[in-house]
Amino acid sequence: MAATGNAEESQLQEMEEEAGMEREMDSDEEEGMGIENSDDEEDDSSEDDKENEAEIQRLEEQLSINAFDYNCHVDLIKLLRQEGELPPLRKARQKMSELFPLTEEIWLDWLKDEIRLTEEEQNREKVYELFEMAVKDYICPEIWLEYAQYSIGGMGLPGGMEKVRCIFERALTAVGLHMTKGATVWEAYREFENVILATVQPPPGSVPTCEQQALLNAQLERIHTLFRRQLAIPLMDMEGTYAEYEEWSDQGVSDTVSQKFKRALQQMEKSKPYEETLMAAEPPKLAEYQTYIDYEQKEGDPARIQIIFERALAENCLVPDMWAKYTKYLDRQLKIKDLVLSSHDRAVRNCPWTMGLWKNYLIALERHGADHQTISDVFEKALNAGFIQATDYVNIWEAYLDYLRRRVDFSKESSRELEELRAAFTRSLDYMKQDVEERFSESGDPSCTIMQVWAKIEALHCKNIQKARELWDSIMTKGNAKFANMWLEYYNLERSYGDALHCRKALHRAVQCTSDYPEHVCEVLLTFERVEGSLEDWDAAVQKTETRLNRVNEQRAKVAEKEAHLVRQEEEKTEQRRRAKADKKNQKKGQKGSRPGEKRKAEDEDNEDEWGEESEQPPKRHRGEGNQGSFRGGGAEEFMETESGLFGRRAPPCRRQEPPGAKRGQQIAPATVRKTQEDNPEQRKDDCSVFISNLAFSMEDPEKRLKELFESCGPIQSVRPVYAAKGFRGYCYVQFEGKTSVSEALKMDRREVDGRPMFVSLCVDKNKNPDFKVFKYNTNLEKHKIFISGLPFSCTKEQLEELCNDQGTIKDIRLVTNRSGKPKGLAYVEFEDEAQASQAVVKLDGTVLQEHTLSVAISNPPHRTAADKPDFSRPMGAMMPRAMVYGSRGKGRTQLSLIPRSLHRQTGSESKAENGTAPKPTGGASGDAGFEAQAKPMSNSDFAKMLLRK
């Protein structure tokens, strides 16, 4: 017995000495590296120290202003660790850990530094406490292994061996199911038990006593059990563990263990594709993890679902949706108090700006019976978390007030809980008025929902209808008296808990004050008097409602008359402008006709339209379905519509732009004259044609040039450039012999020609296809897409893709350019889902790229209203961009529309821009000739005159 005990103690001492020697070697290596570095940089050390001290001071000042600056905490810790300032370093780490969960790297560095310090102080409990904090932040196998390794060093202390086993068991519970890293924890545990086995084995040749044999058998059973437990779990490289067990076990592998191993192996094979996808994907792998989570939830193993959620959150800790899904699963499925509450706590520490996580945390605390002080403390932290919207504060107050209401026993007339509830309601109203309104310049609760709930509680539970009426009076004085629904809410409250007298008073006040739906309120009053009132009450109600409705109708008539007057004024102005233009044009024609040799030419122009064709041919309107115009996620760039105007007519020979070097008046060769009059419109096939735009006006011989550009797409039947009086207009039609060539031509969209991007789109005759859907860029919130501004003009698509690749799967990147193809410093990046886009906003906003600070936000294109449109009463060249603010996006620019003024449509502010048929124009007070254009069909001459206006 004594010999065995001495041998065991000597083995334990050897293990402790080995662990201590390893730590001493690590410490010596670190110190040696520090000495070597100091020798190499001795000349610059003083300057570096001063710079580091100044930077440390700056970071500390910044944190004193904004303690929630995560990157500032990380930079400060790195500098303090370089300086070797251990006390300030420990303080900085503690401050950061109070606000945020720390990453695996930060924890491991902190633990190694503290282990080195505690060896000198002989105080291991501080390190144990630090390890306990570390394992709560994230599921990290490396931290658990470090924890177990450190505990082995204290195995000689009382209860040391049991403590080591306890830590290993907790590690298996936490990370033992980790498909790729869990096996390392199992192997470390078995290695530890094998070392213990060597200490209890008797020396060779000796006969063990009964007690020694019992210790030996117990230790062997521990190792057998570890092998069996591990082989029943699907892990990578399971076959190697099974072979190791066969070799180690003298009795072989039992059938039960083999069956469990086969089942686990089958499960591993099912999960292996998901693991391989994760290994091949780039961080943060959000989409891959979500697919894996969906699979595990279908399988239904709670432990495996938990571990995959934890793995996903370790790499996507700033994604609120992932935390919400995880906590929701724990709340509804596992329902384990410690696990649920710790997960909620980690969620709000990672994403403190997300109100929904705090709200769910408060509910979870109440569900699991947390004490009142704990819930109140969490609520106070939520108020200081810095929510993004004013409505978030309303929602968090509502959640807390609901909790306080559920605590009250309303069977008692007065209680401490009831007084606390009323005090909380009063404080919430003061908070919304003083804090929220000052911060957001809005109350966040315009409908006074908090006060409405308070009034209902007072009326229903406390039977205090007088207090409820006082609250409703306050609600109405906050600008709600003009809304019918607010009065009807008050009426219903009085109807349920008050009396007929106050119901009648409420309805009479509603009839007098309501401005949105006065007819409905009048009808409710008359219905009430039919049921409750006397004849005198009925007469009073009829007189009241008739007087009110007459006044409302008079006001509406005045407004309609005023609007009609404005419309007439605008129509008169439009008619005056039209007559002035016609007079000016006739005057110019008269001047041209009076010149020698010009009479014949003027007469010829009068006999034909300006397109060189008969006017019976209806005009064509074209629209490129998503192929032209810049990529738009918002109103920050120019666009071009070709739905109305610039049609594919050929110009007469006299309108052709002369080539450079040609003498004025020189006759053009007959071979170069276009056969405009010989073109038969009936031979034109829109389904075999494409519309080309944004070409340079100075292009020489556009017909020949475009034939060369598009001959690779297929046989070309004709090329029809569009000309005006001054020459080529930059538009053209290319008609192929077959439809298959059109798809090839569309691929050339945005190809650079003479320094400008060439736009290629489909050619559609809207007279024959009235239901053709006009493409409109989305102007709604695009949660899966981000808008980046402040980019350097030299930024390329590849550089932007490299910057955004780490945030998720990128579906598309568009750099915004003007019509000449020059960059504007703006871009849109479309991700696979909303979570990736929100994570990209958090991580990329404020990033510096080539000395340019980037601004990143979720794409939220503004709605274009009449006020946003250019003033067509001024020349186009005189229009300057206006700075505009559109939500979180920042500044936008007024878009310049290339639609002719006469064809410009009026779009109501309520119309929705979507990929569908454009809404029909409604009557308005602006526009020039648009009303006439919509009122009757126009001939080719009419369209030509409008398009050629200057």
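Residues numbered from 1 in each chain as written. Predicted model: local features only at pLDDT ≥ 70, side-chain atom pairs only at ≥ 80, totals over all residues. Heavy atoms only, no water.

1. Considering the overall build of the chain
Basically, it comes down to this: We count a stretch as a helix when DSSP gives it H or I for four or more residues in a row; a strand needs E for two or more, and each element gets its number in order from the N terminus. In what follows, residue pairs with any heavy atoms lying within 4.5 Å of each other are defined as contacts.
Helix and strand counts for the chain come out as 33 helices and 13 strands. For the chain, the proportion of contacts with a sequence separation of at least 24, taken over those separated by at least 6, is 66%.

2. Details of the confidence of the model for the chain
Here is the rule we go by: The predictor rates its confidence in each residue with pLDDT, a number between 0 and 100.
The share of residues in the chain with pLDDT of 70 or more is 74%, and the mean pLDDT across the chain is 78. Within the chain, strand β12 (residues 884-885) has the poorest average pLDDT of any element, 36, and helix α17 (residues 355-367) the best, 97. Residue range residues 597-679 is modelled with pLDDT below 50. Its contacts to residues more than four positions away, or to other chains, number 214 contacts. Within the model, the stretch residues 865-935 combines pLDDT values under 50 with 120 contacts to residues more than four positions away or in other chains.

3. Structural notes on helix α20 (residues 416-440)
Because an α-helix completes one turn every 3.6 residues, residues spaced three or four positions apart along the sequence face the same direction. The line we're drawing: Multiplying 1.5 Å by the residue count of a helix minus one yields the expected span of that helix. The reported bend at a residue is simply the angle between two axes, fitted to the 7 residues ending at it and to the 7 residues beginning with it. When a residue's accessible area, from a 1.4 Å probe over protein chains only, is under 20% of the maximum for its type it is buried; when over 50% it is exposed; and in between it is partly exposed.
Over its 25 residues, α20 runs 34 Å from end to end, which matches the ideal 36 Å to within 8%, given 1.5 Å per residue. Of all bends in α20, the biggest is about 30 degrees, found at Met 432. Residues of α20 that are buried include every one of Leu 418, Leu 421, Ala 424, Phe 425, Ser 428, Tyr 431, Met 432 and Val 436, and no others. Residues of α20 that are buried sit in contact with α18 (372-383), α19 (390-407) and α21 (449-460). Just downstream of α20, Ser 441 is the residue with a positive phi angle, here 60 degrees.

4. As for the packing of helix α12 (residues 255-280) against helix α13 (residues 286-299)
Two measures define how a pair of helices packs: the angle their axes make with one another and the distance between the axes. To keep it simple, the criterion reads: To obtain each axis, a line is fitted to C-alpha atoms, and for helices this fit is confined to the stretch in contact; angles are then taken between N-to-C directions over 0 to 180 degrees. Oblique is the label for every angle not falling under 35 degrees (roughly parallel), over 145 degrees (roughly antiparallel), or within 65 to 115 degrees (roughly perpendicular). Note: crossing handedness is left-handed where the near helix turns anticlockwise from the far helix by less than a right angle, and right-handed where it turns clockwise. Gly is put with the polar residues, along with every residue not named as nonpolar or charged; the nonpolar set is Ala, Val, Leu, Ile, Met, Phe, Trp, Tyr, Cys and Pro, and the charged set is Asp, Glu, Lys and Arg.
Orientation of α12 relative to α13, taken along the N-to-C sense of each, is 165 degrees, at an axis distance of 9 Å. On the basis of the axis angle, α12 is roughly antiparallel to α13. The chirality of how α12 crosses α13 is left-handed. For the pair α12 and α13, contact is made by Gln 267, Lys 270, Ser 271, Tyr 274, Glu 275, Thr 277 and Leu 278 and by Glu 288, Tyr 289, Thr 291, Tyr 292, Tyr 295, Glu 296 and Glu 299, respectively. When its residues are assigned to classes, the contact of α12 with α13 shows five nonpolar, four polar and five charged.

5. Brief notes about the environment of Ala 232
By the element assignment, Ala 232 lies in the loop between α10 (210-231) and α11 (238-248). In this structure the C-alpha to C-alpha distance between Ala 232 and Lys 262, which are 30 residues apart in sequence, comes to 8.3 Å. Among residues more than four places away in sequence, those in contact with Ala 232 are Lys 260 and Ala 264.

6. Observations concerning the sheet that holds strand β11 (residues 855-859)
The criterion, for reference: Strands are labelled as partners when DSSP assigns at least two bridges between them.
Sheet architecture is open: four strands sit in the order β7-β8-β6-β11, paired in antiparallel fashion. Edge positions in the open sheet fall to β7 (810-817) and β11, since each of these has one partner strand only. Here the average twist between neighbouring strands, direction ignored, is 20 degrees. Sheet analysis places β7 next to strand β8 (residues 823-831), joined by six bridges and oriented antiparallel. Residue pairing in the sheet places Thr 817 in a bridge with Pro 823 of β8. Sheet strands touched by helix α30 (residues 797-804): β6 (782-789), β7 and β8. Its angle to β7, the strand with the most contacts, is close to 135 degrees.

7. Quick look at the packing of α17 against α18
As a packed pair, α17 and α18 sit with axes 10 Å apart at the nearest point and diverge in direction by 180 degrees. One element, α17, and the other, α18, form an angle in the roughly antiparallel class. Contact with α17, carried on its side by Trp 358, Tyr 361, Leu 362, Leu 365 and Glu 366, involves Thr 374, Ile 375, Val 378, Phe 379, Lys 381 and Ala 382 of α18 and no other residues of that element. Classifying every residue of the contact of α17 with α18 gives eight nonpolar, one polar and two charged.

8. Here's the deal with helix α6 (residues 125-137)
The end-to-end C-alpha distance of α6, which contains 13 residues, comes to 19 Å, matching closely the 18 Å that a straight helix rising 1.5 Å per residue would cover. The complete set of buried residues in α6 reads Val 127, Tyr 128, Leu 130, Phe 131, Ala 134, Val 135 and Asp 137.

9. Observations concerning the nonpolar core
In plain terms, the rule: Here, nonpolar core refers to any group of buried Ala, Val, Leu, Ile, Met, Phe, Trp, Tyr and Cys residues whose side-chain atoms link them within 4.5 Å.
Counting residues in hydrophobic clusters, the biggest one holds 159 residues, and the most contacted among them are Ile 143, Phe 192, Ile 396, Trp 397 and Leu 421. In terms of residues, this core owes the most to one element, α19, which gives nine residues. What Ile 143 contacts, discounting residues up to four positions off in sequence, is Glu 104, Trp 107, Leu 108, Leu 111, Phe 131, Ala 134 and Val 135.

10. With respect to the packing of aromatic side chains
Here is the rule we go by: For Phe, Tyr and Trp, where Trp contributes only its six-membered ring, two rings pair if their centres lie within 6.5 Å, and the inter-plane angle classes them as stacked under 30 degrees, edge-to-face over 60, or tilted in between. Charges are assigned to positions over rings by a cutoff of 6 Å between ring centre and Lys NZ or Arg CZ, combined with an angular limit of 35 degrees from the ring normal.
Tallying each qualifying case throughout the model produces 33 aromatic pairs. Aromatic rings pair up to connect Phe 379, Phe 387, Tyr 393, Trp 397, Tyr 400, Tyr 403, Tyr 431 and Phe 440 into one cluster. Taking the ring centre of Tyr 150 as reference, the NZ or CZ of Arg 124 above it sits at 4.0 Å. Over the aromatic face of Tyr 128 sits the side chain of Lys 163, whose NZ or CZ is 4.4 Å from the ring centroid.

11. Focus: the sheet that holds strand β2 (residues 716-724)
Pairing is antiparallel across the open sheet formed by five strands, whose spatial order is β2-β3-β1-β5-β4. One side of each edge strand has no neighbouring strand; the edge strands of this open sheet are β2 and β4 (751-753). Taking the axes of each pair of neighbouring strands and ignoring which way they run, one obtains an average angle of 30 degrees across the sheet. Relative to strand β5 (residues 756-762), strand β1 (residues 689-693) runs antiparallel, the two sharing four bridges. Within β5, the position partnered with Ser 693 by the bridge is Phe 759. Seen against the sheet, helix α28 (residues 702-710) touches β1, β2, β3 (727-736), β4 and β5 and runs at an angle of roughly 140 degrees to β2.

12. Notes on a negative patch on the surface
Where we set the bar: Put simply, a patch holds well-exposed residues, over 30% relative accessible area, that have no salt bridge, with like charges counted together within 9 Å and Val, Leu, Ile, Met, Phe, Trp or Tyr side chains within 5 Å. Where accessible areas are quoted, they stem from the Shrake-Rupley method and a 1.4 Å probe; at the residue level, only the protein chains shown are allowed to cover. Take a side-chain nitrogen of Lys or Arg and a carboxyl oxygen of Asp or Glu: if they are within 4 Å of each other, that pair is a salt bridge. Residues scored as charged are limited to Lys and Arg (positive) and Asp and Glu (negative), so that His and the chain ends carry no count. To locate a charge, the coordinates of NZ of Lys, CZ of Arg, CG of Asp or CD of Glu are taken.
Where like charges cluster on the molecular surface, the negative patch consists of Glu 47, Asp 48, Asp 49, Glu 51, Glu 53 and Glu 85. Tracing the backbone through its elements, the reader meets Glu 51 in helix α2 (residues 45-65). Note on Glu 51: relative accessible area 52%, which makes it exposed.

13. Quick look at the pattern of salt bridges
Counted by the stated rule, this structure contains 41 salt bridges. Arg 349 serves as the salt-bridge partner of Asp 137, at 3.3 Å between the closest nitrogen and oxygen. Of the two residues, Asp 137 is situated in helix α6 and Arg 349 in helix α16 (residues 337-350); the sequence distance between them amounts to 212 residues. The class for Asp 137 is buried, based on a relative accessible area of 4%. Linked by salt bridges that have partners in common, Arg 81, Arg 93, Asp 109, Asp 113 and Arg 116 make up one network.

14. Some details on unusual backbone geometry
One can expect most non-glycine residues to show negative phi and most peptide bonds to be in trans. Residue Pro 284 is bonded to the preceding Pro 283 through a cis peptide linkage, with omega at 10 degrees. Take Pro 284: it is sitting in the loop between α12 and α13. Unlike most non-glycine residues, Asp 237 shows phi in positive territory, near 60 degrees. Within the secondary structure layout, Asp 237 lies in the loop between α10 and α11. Here Asp 237 falls in the exposed class, since its relative accessible area comes to 55%. The backbone of Arg 750 shows a phi angle near 80 degrees, a positive value even though the residue is not glycine.

15. A word on the environment of Glu 437
With respect to the element layout, Glu 437 can be found in helix α20. Between the alpha carbons of Glu 437 and Ala 390 there is a distance of 7.9 Å; along the sequence they are 47 residues apart. In contact with Glu 437, other than residues within four places in its own chain, are Met 432, Glu 442 and Ser 443.

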